[in-house]
Amino acid sequence: MGRSIRVLVIDDSALVRKLLSELLDAAPDIDVVGTAQDPYVARERIKALDPDVLTLDVEMPRMDGLTFLRNLMRLHPMPVVMVSSLTERGAEVTLQALELGAVDFVCKPALDLTGRLQDYADELIAKIRVAARVRVRARPGPRATGTATPPQPPVLRHYRTTDRIIAIGASTGGTEAIHEVLLRLPPDAPGIAIVQHIPPGFSAAFAERMNRQTGLVVKEAAEGDRMMPGHVYIAPGDRHLQLARDGARYVCRINDQPPVNLHRPSVDVLFDSVARAAGTNACAALLTGMGADGAAGLKRLHELGVYTVAQDEASSVVWGMPGEAVKRGAASAVLPLHAIADALLKAARGRAPGERSH
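Here the structure is a predicted model, which means the values were calculated and not measured. (Residues numbered from 1 in each chain as written. Predicted model: local features only at pLDDT ≥ 70, side-chain atom pairs only at ≥ 80, totals over all residues. Heavy atoms only, no water.)

*Asks:* Any chance you could explain helix α11 (residues 337-348) here in plain terms?
*Replies:* Three or four residues apart is the spacing at which side chains of an α-helix point the same way, because the helix has 3.6 residues per turn. With 12 residues, α11 ought to run about 16 Å at 1.5 Å a step, and its terminal C-alpha atoms sit 18 Å apart, in line with that. For α11, the full list of buried residues reads Leu337, Ile340, Ala341, Ala343, Leu344, Leu345, Ala347 and Ala348. Looking at the buried residues of α11, the elements they touch are β6 (165-170), α6 (174-183), β12 (282-286), β13 (307-311) and β14 (333-335). With its phi angle positive at about 90°, Gly350 sits one or two positions after the end of α11. (Helix = DSSP H or I, 4+ residues; strand = E, 2+ residues; numbered from the N terminus. Expected span 1.5 Å × (residues − 1). Buried < 20%, exposed > 50% of the residue type's maximum accessible area, 1.4 Å probe, protein only. Contact = heavy atoms within 4.5 Å.)

*Asks:* Can you help me understand the pattern of salt bridges in this one?
*Replies:* Pairing is possible between side chains of opposite charge, provided their charged atoms come close. For the structure on display, the rule yields 23 salt bridges. One salt bridge in this structure joins Arg184 and Glu180, with 2.9 Å as the shortest N-O distance. A residue is classified by how much of its surface remains accessible, and Arg184, at 31% relative accessible area, is partly exposed. Overall, Glu180 belongs to the partly exposed group, its relative accessible area being 25%. Among the ionic pairs, Glu223 bridges to Arg253, the shortest N-O distance being 2.8 Å. Of this pair, Glu223 sits in the loop between β8 (217-220) and β9 (231-234) while Arg253 sits in strand β11 (residues 249-255), and the two are 30 residues apart along the sequence. Through salt bridges with shared partners, a single network forms among Glu92, Glu99, Arg209 and Arg212. (Salt bridge = Lys/Arg side-chain N within 4 Å of Asp/Glu carboxyl O.)

*Asks:* What am I meant to see in the UniProt feature "active site" (unreviewed entry) in the protein here?
*Replies:* Per the UniProt annotation, the sites labelled "active site" (unreviewed entry) are Ser171, His197 and Asp293. Of the residues just listed, which span 123 residues, no C-alpha pair is farther apart than 9.7 Å, and they cluster in one region. Filtering the just-named annotated residues for those lining the largest pocket gives Ser171, His197 and Asp293. Relative to the helices and strands, Ser171 is located in the loop between β6 and α6. Given the relative accessible area of 9%, Ser171 is considered buried. Not counting the four nearest positions on each side in its chain, Ser171 is found in contact with Gln196, His197, Thr288, Gly289, Met290 and Met321. With respect to the helices and strands, the residue His197 is situated in the loop between β7 (191-196) and α7 (202-213). Relative accessible area serves as the criterion here: at 15%, His197 is assigned to the buried category. When near neighbours in sequence (up to four residues on either side) are disregarded, His197 contacts Ala170, Ser171, His263, Pro265, Val267, Asp293 and Met321. (UniProt positions renumbered as here; feature names shortened; annotations may be inferred. 1 Å grid on protein atoms, 1.4 Å probe; cavity = no way out; pocket = protein on both sides within 12 Å on 5 of 7 lines; lining within 4 Å.)

Rendered as structure tokens:
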């Protein structure tokens, strides 16, 4: 399969540099070609070592990770996996890094990883392998964090919003893909349930960020939340989100059942619950992501007659989940990211696009 994936580890902690290097070097197809303690050293080592992927600490001396990433994506775009601290500040900065063009992130390894070190290593190695295959596209700088004025979507008003639901699933690259879809939805859109593979602590920050930057009310889903028009409910990190009926309304159910497809929250868990609770009153989209989570659930929805969308390969960071859905015949349409919101709105209005776009 060609040469090993060449990785440069950038972190101000010597202990973290050593740990990450050892974990990655244990993979037969990964070679840590060097380390750097700050962005200035990293800049010279990128030139000298020509790595395929960087791991980048969020907070470092002399130059912070975001400033370095912004310059990197402007001058020398390449795959970056952020190493983020499990703090409110760490979550917010990590989301900014994804906005700037980082492929993915892992949480900073804890010093008490005994017993869980292999799981951490597996996650880190999997994300490096995915990052090495990504075609990195430079992105604009961070958007303003105040209330955004989203672009005006097509005039598609007067939905039967009391009984229409939109369900969305995503993983790698999904935070920015979800942002793109939500920006194009009007304030009176049907209630939206979202599963994004994300750790605890990051889901709340992600929801708050989307709430500031879109014209919708976005929150981390809580047990018993009633689905309302113009509202978006994002699954909490490490908890499943399901949809249930409560009389004439839909409500969110949150649980700690075992992971499905190695994920909690799982897109399949959400989609299966939508199939049971809403049926053809729903429409669904599966966006960019690694693996196959959501493909089976999208197939079940499609077989019920639900309008289903898979993001196309060209606009996906990783065409794993939507690609698997397409392979299984689960998608009513395969669309570029910019067209997905419009298609979901038409489906919610009861006028799903008839053509299959590939």
